[in-house]
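# Examination of the molecular architecture
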Amino acid sequence: MSLPKVVLGGGLVLGLLAAPPADARFGKRSDSRETSKPVHEATAIGSDRNGDSKKDDENKNRSSKTTTVSSTDDDFEFNSSASDDVAAVILGALFELMFRGMGEAIGSMGTHHGHDINAADAPPERNSLRHAVPLSVRLGLLVSPIEGGTGLDFDLGWDARSFGMDLRMSRLVGKRDVPASPDTRTLAEMHATYSPLVREEVRLRLEAGVTTLDAPGRLYVAPSLGVSVDACLLGPLDVEGRLQMTPGPYQQVDARAGLALHLGGLMLRGGVRYLRLDSEVAPLGLALGFAPEFGLGFVF
C-alpha cells in the first residue's frame, strides 16, 4: 500500500472517533434552547377550557352591550322628559290664551256698561243701554237649600224691544227616610213675555204660558201666569223680582226676590225664594216655603 493511502485512511478513522454521538430523531437537531420554550399545560380528559374562555368573552361582550343599551335608555328618557316639558309649556300657553280670551269677552260684553262721562251727549252704545238693549239673551242657575231636600233652578230667556221668551226648569229633591230613594219632582215653565215698560234702568215683563209637573206615575200640564221686573239699583247692582202662579189643575205659587251683580256678561245672584205646591204633588219630606237661593248667570 502506498503512503498517501495510509495517511488518508488514518485521517478517516480519527475523524470518526472524534465526532459526537448522532441524534436518533430525524429531521431535528438537539438544541439546549428548546427547554426555554413555553409548555402548554396538560388538560384533564373531559374538561373544556376553551368553553370557559368563550363564556368569559361572552360575559365581557354582554356587559359592554348592556352599558350601550343603558346609555341609549338614558338618552331616550332625557328626550321624553324634554318633549313632555315642551308639550306642557304649549298646553299652558293655549289654556292661558283661551281663559284670557274668555275673560276679556265676558268683561267686554253684557248690558251694564255705563255712559262715557267725557261724552255725555254722544249716542249711547248698545252695551250701555242696560235693560233697554234691542236684543238680549240671559241664562242662569240657582240653588236653593230647602229644608228636607234641595232645589235646583235653570232659566233661559231672551228679550227683544218688547217681546221675548222665558224658559225655566226646577228640580226638587225631597229626602225620604231611606236616603237611597229620594222623592223628586220636575217643574217646567214656558212663557211668552211682553214688556210694557222698557227703559235703561228698568224692564217690566208680563208673562203667560204653560207649566208642567212630572210626578211619579203622572204628568200634570196647566196654564201659567207671571210677572217679573229687573231694575238698576246702584251701578252694576240690580234688583230682581218675579211671581209665577198656576191656578189648576194643581196649585203652584213661585215667588223670588234678590240682587244681581253684573260683572260684564257675568252675573252673581242671590236672594230668597218662596215655593208652594199642593200637598198631593209636593215631594215627601220637603218643607216648601221660604228658602235662600244663590247662583250665577250670563247676560249678553
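Please refer to the structure higher up on the page.
Residues numbered from 1 in each chain as written. Predicted model: local features only at pLDDT ≥ 70, side-chain atom pairs only at ≥ 80, totals over all residues. Heavy atoms only, no water.

## Brief notes about the sheet that holds strand 2 (residues 149-159)
Here 10 strands make up a closed barrel; going around it, the order is 1-2-3-4-5-6-7-8-9-10 and the pairing antiparallel. This sheet shows a mean twist of 20° between the axes of neighbouring strands, independent of strand direction. (Pairing = 2+ DSSP bridges. Helix = DSSP H or I, 4+ residues; strand = E, 2+ residues; numbered from the N terminus. Axes fitted to C-alpha atoms, helices over the stretch in contact; angles between N-to-C directions.)

## Side note on unusual backbone geometry
For the bond from Gly-248 to Pro-249, the omega torsion is 5°, close enough to zero to count as cis. Within the secondary structure, Pro-249 sits in the loop between strand 7 (237-246) and strand 8 (252-263).

## Re the nonpolar core
Among the nonpolar cores identified, the biggest contains 15 residues, and Leu-172, Leu-213, Tyr-220, Tyr-250, Leu-277 and Leu-288 are the most heavily contacted of them. Where this core is concerned, the elements lending two or more residues are strand 5 (202-215), strand 6 (218-234) and strand 9 (266-277). In contact with Tyr-250, other than residues within four places in its own chain, are Thr-211, Thr-212, Leu-213, Tyr-220, Ala-222, Leu-277 and Asp-278. (Core = buried A, V, L, I, M, F, W, Y, C linked by side-chain atoms within 4.5 Å. Buried < 20%, exposed > 50% of the residue type's maximum accessible area, 1.4 Å probe, protein only. Contact = heavy atoms within 4.5 Å.)

## Re the packing of aromatic side chains
Tallied over the entire structure, the rule returns four aromatic pairs. Look at Phe-163 and Tyr-194: their rings are 5.2 Å apart centre to centre, the planes differ by 50°, and that puts the pair in the tilted class. Taken together, the residues Phe-163 in strand 3 (residues 163-174) and Tyr-194 in strand 4 (residues 183-198) connect sequence positions 31 residues apart. Here Phe-163 falls in the exposed class, since its relative accessible area comes to 53%. Between Tyr-274 and Phe-290, the ring centres sit 4.7 Å apart and the planes meet at 50°, which makes this aromatic pair tilted. Highlighted residues: Tyr-274 in strand 9 and Phe-290 in strand 10 (residues 290-299), separated in sequence by 16 residues. (Phe/Tyr/Trp six-rings, centres within 6.5 Å; stacked < 30°, edge-to-face > 60°.)

## Considerations on the pattern of salt bridges
As a working rule, side chains carrying opposite charge can pair if their charged atoms are close by. Tallied over the entire structure, the rule returns 16 salt bridges. The partner of Arg-185 in a salt bridge is Asp-183, with the nearest N and O atoms 2.8 Å apart. An identical accessibility class is assigned to Arg-185 and Asp-183; each is buried. Arg-242 serves as the salt-bridge partner of Glu-207, at 3.0 Å between the closest nitrogen and oxygen. (Salt bridge = Lys/Arg side-chain N within 4 Å of Asp/Glu carboxyl O.)

## As for the pairing of strand 4
One ladder, built from 12 bridges, connects strand 3 with strand 4; its direction is antiparallel. From the neighbouring strand, Arg-171 faces strand 4, where its bridge partner is Thr-186. The hairpin turn running from strand 4 into strand 5, its antiparallel successor, is three residues long.

## Considerations on the pairing of strand 10
Where strand 1 (residues 136-144) meets strand 10, six bridges bridge the pair, whose relative direction is antiparallel. Counterpart to Leu-141 in the pairing with strand 10 is Leu-296. As paired elements, strand 9 and strand 10 share nine bridges and run antiparallel to each other. Across the sheet, residue Leu-266 finds its bridge partner in strand 10, namely Phe-298.

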